[in-house]
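# Reading the structure
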Amino acid sequence: MTTISEYLFHRLHSLGVQHIFGVPGDYVLDLMDVLTQTPINLICNCNELNAGYAADAYARVKGLGAVCITYGVGGFSLVNAVVGAYAERVPLVVISGAPNSSVKKTNLLLHHTTGDYNLQLAIMEKITVAAVSLTIASQAANQIDQALAACLHYKRPVYIEIPQDLVHQPCNVPKNQLCSSLKLTTPETLPEALEEAVEEAVELLNKAQQPIILAGVEFHRFNLEKQLLQLLATTGYPVATTMLGKSCISEMHPQFIGNYVGALSRENVRQRIETADCVLCLGAIMSDMNLGIYTAHLNEYKLINANSEKVKIKHHFYQPVYLGDFIDGLINKLQKKDPQTLEFTPAADVIATSFTPQPENKLTNGRFYERMNHFLEDGCIVISDTGDAIISTMDLLMPEETDFIGQAFYLSIGYSIPACLGAAMADGDRRPIVFVGDGAFQMTAQELSTIIRHQLNPIIFLINNDGYTIERVIKDGPYNDIQPWKYHEIPQIFGESWSCEVSTEGELETALAQAKVNTECVSLIEIHLDRFDCSDGLMRLGEAMSNKG
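Residues numbered from 1 in each chain as written. Predicted model: local features only at pLDDT ≥ 70, side-chain atom pairs only at ≥ 80, totals over all residues. Heavy atoms only, no water.

Formally: UniProt positions are given in the numbering used here, feature names are shortened, and annotations may be inferred rather than shown by experiment.
Looking at an unreviewed UniProt entry, the protein chain carries the name Alpha-keto-acid decarboxylase, with the source organism given as Anabaenopsis elenkinii CCIBt3563. Listed under Function (unreviewed entry) in UniProt, the entry text for the protein chain is "Decarboxylates branched-chain and aromatic alpha-keto acids to aldehydes." For the record of the protein chain, the UniProt heading Catalytic activity (unreviewed entry) holds the text "a 2-oxocarboxylate + H(+) = an aldehyde + CO2".

Here is the structure:
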């Protein structure tokens, strides 16, 4: 007989989940005991927020992630990570232990609670696409299946709460249900709406002399990258990506021109997007940061905007129309344009020239990231934290088979170090390369100890520019100052690692050579930069926001 907890972990493992992140607590210990007897590895984190960030990044790489926490103090500590996953369409399963079902009827004031035993469920209902508290054993299997199906269908978090007294209860699952695959609903498309949407889009694109594709994060989430490549081959159009959609196509592709983030973009990318006579925007989240804090200029009369569920052309809405079906319709109807008439410069031209270090020169932000464009290799995972790090890495070219991970919409500072743990667990064959500012590192530094504990080998570039530079560029004040740490000494406190600090281009070259061959443990390189030494993109953002003010 299968118990409720065994059934849940069986389902998750069958969906490809091999690691679950979490923090123990008395209401979840029985559940974790069961988990440790399954093929899934339990990765214990320093706190629940970090566990959530790790599971989020795991899901971005693997397609599904899970986090397991205790009730109250655990669930509430996790909330910020769940909200970020919801905002950025990340399929995350939140599993929480809970007090015995009988307690809800007694009004006892138990630890980790306020006395309201529906409070955590009520909060999770607001930030997930499905939230359930299991109460009846005979219904548990179906409730679990429905929640997991919703998670995979909508690519957003779900919440499953299991009281202590239900962990070991049999769930009376028919043998055929236990052995069968999870039933997933296919994305919905109304054929008539699809036909009309494709017809109007094709008419606009055929008339356009300078069309361009703007690709977003939903190519990642719904596994549509191959269809994007087919669309590019069919049309010959140039393509840019949003910040959140970065790396949904190889950035060495001859039709890729760069990342479009409004005023933060390189000037040639901004000009090409904003002067196009038709922008085919596919799978993008039209958020402020994703489009440069309101500095993007996309003429709605020249915009075809399609996402996972609907298509908008001018003032016409077509729904339900699944993005993949819409792209297939375009591929079948569009013809290739003469590349000579499309006027674009491939982004790969940026690194056509070699980098020559000046060993005695003080390291600057611009020179550091220029060097990084020649340091990244095929098949890694680049992770960037909120702040100037994510803006600076926006224009780094991702080599073949390289993914980029960063919270480009929700922008939760401190995401990158726990995300590094999750990404490394999701794909052990690809080395994480992390860019994190000193302010962001101070938020979640302790998770470096978990990375070291599991003998992972990321390269972490810690950008020490003495506080919150992104805030200083917008408006400086004493609130942007932080206590300076000896960052390069911290890894040795946690365990086996290698680290150093650099201030010149020559020191950076020596450090890069060492980090490259140090594949047995963490490498952390502290990069010393001046306080106001930041990316051109951040300066463009600050100027644009000042002009608006």
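Read on for the rest.
## Points about the packing of aromatic side chains
Selection rule: Stacked, edge-to-face and tilted are the three classes for Phe, Tyr and Trp ring pairs, Trp counted by its six-membered ring, which pair at centre distances within 6.5 Å; planes under 30 degrees apart are stacked, over 60 edge-to-face, the rest tilted. Exposed residues in this analysis have more than 50% of their type's maximum accessible area, buried residues have under 20%, and partly exposed residues fall in between, with area computed by a 1.4 Å probe over protein chains only. Whether a charge lies above a ring is judged from NZ of Lys or CZ of Arg, which has to be within 6 Å of the ring centre and within 35 degrees of the ring normal.
Taken as a whole, this structure holds 13 aromatic pairs when the rule is applied. Between the aromatic rings of tryptophan 485 and tyrosine 487, the centroid separation amounts to 5.7 Å while the plane-to-plane angle is 35 degrees, which identifies the pairing as tilted. Accessibility expressed as a relative area gives 30% for tryptophan 485, which makes it partly exposed. For tyrosine 487, a relative accessible area of 0% translates into the label buried. Taken together, Phe368, Tyr369, Phe375, Phe435 and Phe461 form an aromatic cluster joined through their ring pairs. When the ring centre of phenylalanine 404 is taken as origin, the NZ or CZ atom of lysine 246, which lies over that ring, is 5.6 Å away.

## Considering the packing of helix 8 (residues 191-207) against helix 12 (residues 323-333)
Where we set the bar: Between N-to-C directions, angles cover 0 to 180 degrees, with each direction set by a line fitted to C-alpha atoms, over the stretch in contact for helices. A run of H or I in DSSP counts as a helix once it spans at least four residues, and a run of E counts as a strand once it spans at least two, with each numbered from the N terminus. We call two directions roughly parallel when the angle between them is under 35 degrees, roughly antiparallel when it is over 145, roughly perpendicular when it lies between 65 and 115, and oblique otherwise. For a crossing to be left-handed, the near helix must be turned anticlockwise from the far one by less than a right angle; the clockwise case is right-handed. Here, residues are in contact when the closest pair of their heavy atoms is within 4.5 Å.
Contact pair helix 8 / helix 12: the axes reach a minimum separation of 10 Å and the direction vectors enclose 50 degrees. Between helix 8 and helix 12, the angle is such that the two are oblique. Two packed elements cross with a definite hand, and for helix 8 against helix 12 that hand is right-handed. Of the residues in helix 12, those in contact with Leu194, Ala197, Val198, Ala201, Val202 and Leu205 of helix 8 are Asp325, Phe326, Gly329, Leu330 and Lys333.

## Quick word on unusual backbone geometry
Along the chain, glutamine 319 connects to proline 320 via a cis peptide bond; the corresponding omega equals -5 degrees. Mapped onto the elements of the fold, proline 320 is located in the loop between strand 13 (316-318) and helix 12. Positioned with a positive phi, asparagine 223 is a non-glycine residue whose angle comes to about 55 degrees. As for its position among the elements, asparagine 223 is in the loop between helix 9 (218-221) and helix 10 (225-235). We classify asparagine 223 as exposed; its relative accessible area is 61%. At lysine 314, a position not held by glycine, the phi torsion is positive, near 55 degrees.

## Some remarks on the domain arrangement of the protein chain
Quick note on the threshold: In this entry, domain limits derive from an automatic or database-based domain assignment. The term buried area refers to how much accessible surface (probe radius 1.4 Å) is lost by two components on association, counted for both of them together. Only one rule defines a salt bridge in this text: a Lys or Arg side-chain nitrogen within 4 Å of an Asp or Glu carboxyl oxygen. Whenever a nitrogen or oxygen atom comes within 3.5 Å of another N or O atom, the pair is scored as a polar contact, on the condition that within protein one atom can donate a hydrogen and the other can accept it, and that pairs from neighbouring residues in sequence are kept only if both atoms are in side chains.
As far as domains go, the protein chain holds domain 1 (4-166), domain 2 (191-345) and domain 3 (354-538). The C-alpha-based centres of domain 1 and domain 3 are spaced at 31 Å. Of the residues lining the interface, 21 residues belong to domain 1; the matching set on domain 3 comes to 28 residues. Across the domain 1 to domain 3 interface the summed buried area is about 1,900 Å²; carbon plus sulfur atoms make up 62%. Interface area lost by domain 1 to domain 3 is led by Tyr53, Val61 and Glu88, which between them contribute 29%. The interface formed by domain 1 and domain 3 includes zero salt bridges. Applying the counting criterion to the domain 1 and domain 3 interface returns 11 residue pairs in polar contact (both at pLDDT 80 or more). For the side of domain 1 that touches domain 3, the leading source of residues is helix 3 (residues 48-62), giving nine residues.

## As for a negative patch on the surface
To keep it simple, the criterion reads: Surface patches are drawn from residues lacking salt bridges whose relative accessible area is over 30%; two like charges belong together within 9 Å, two nonpolar side chains (Val, Leu, Ile, Met, Phe, Trp, Tyr) within 5 Å. Where accessible areas are quoted, they stem from the Shrake-Rupley method and a 1.4 Å probe; at the residue level, only the protein chains shown are allowed to cover. Positive residues here are Lys and Arg, negative ones are Asp and Glu, while His and the chain termini are left out of the count. Charge placement uses NZ in Lys and CZ in Arg. For Asp and Glu, CG and CD serve respectively.
On the surface, a cluster of negative charge is made up of Glu192, Glu195, Glu196 and Glu199. By the secondary structure assignment, glutamate 199 is in helix 8. Taking the relative accessible area as the measure of exposure, glutamate 199 reaches 55% and is therefore exposed.

## Let's talk about the pairing of strand 2 (residues 41-44)
Convention followed: Two strands qualify as a pair provided that DSSP identifies no fewer than 2 bridges between them. A crossover gets the label right-handed when its path from the first strand over the helix to the second runs clockwise, viewed with the strands pointing away from the viewer.
Examined bridge by bridge, strand 1 (residues 19-22) and strand 2 share four bridges and lie parallel to one another. Residue pairing across strands places glycine 22 opposite cysteine 44, the latter belonging to strand 2. Remark: the strand 1/helix 2 (residues 29-35)/strand 2 crossover connection has right-handed handedness.

## So, the side chain of glutamate 526
Along the chain, glutamate 526 falls in strand 19 (residues 522-528). Put simply, glutamate 526 is tucked away with no salt bridge, and the nearest opposite charge, on lysine 486, sits 10 Å away. A distance of 2.8 Å separates polar atoms of two side chains, one belonging to glutamate 526 and the other to asparagine 464. If we skip the residues at most four places from it in the chain, glutamate 526 touches Leu462, Asn464, Trp485, Lys486, Tyr487, His488, Cys500, Glu501 and Val502.

## Digging into the environment of methionine 286
Locating methionine 286 in the fold gives a position in the loop between strand 10 (278-282) and strand 11 (303-306). Once the C-alpha coordinates of methionine 286 and valine 239 are considered, the two residues, 47 residues apart in sequence, prove to be 17 Å apart. Sequence-distant contacts of methionine 286, that is, excluding residues within four places in its chain, are made with Cys281, Leu291, Leu298, Leu303 and Asn305.

## Description of the side chain of histidine 488
One can find histidine 488 in the loop between helix 18 (469-474) and helix 19 (490-494). According to the relative accessible area criterion, histidine 488 is buried, its value standing at 16%. Among the polar contacts made by the side chain of histidine 488, one reaches the side chain of glutamate 526 at a distance of 2.9 Å.

## Comments concerning the pairing of strand 10
Counting buried positions along strand 10 yields five of five residues, so the element is predominantly enclosed. Side chains Cys278, Leu280 and Leu282 of strand 10 all project onto a buried face; the interleaved residues Val279 and Cys281 project onto the opposite face, where all are buried too. Relative to strand 11, strand 10 is paired through four bridges, and the arrangement is parallel. The residue of strand 11 that forms the bridge with leucine 282 is alanine 306.

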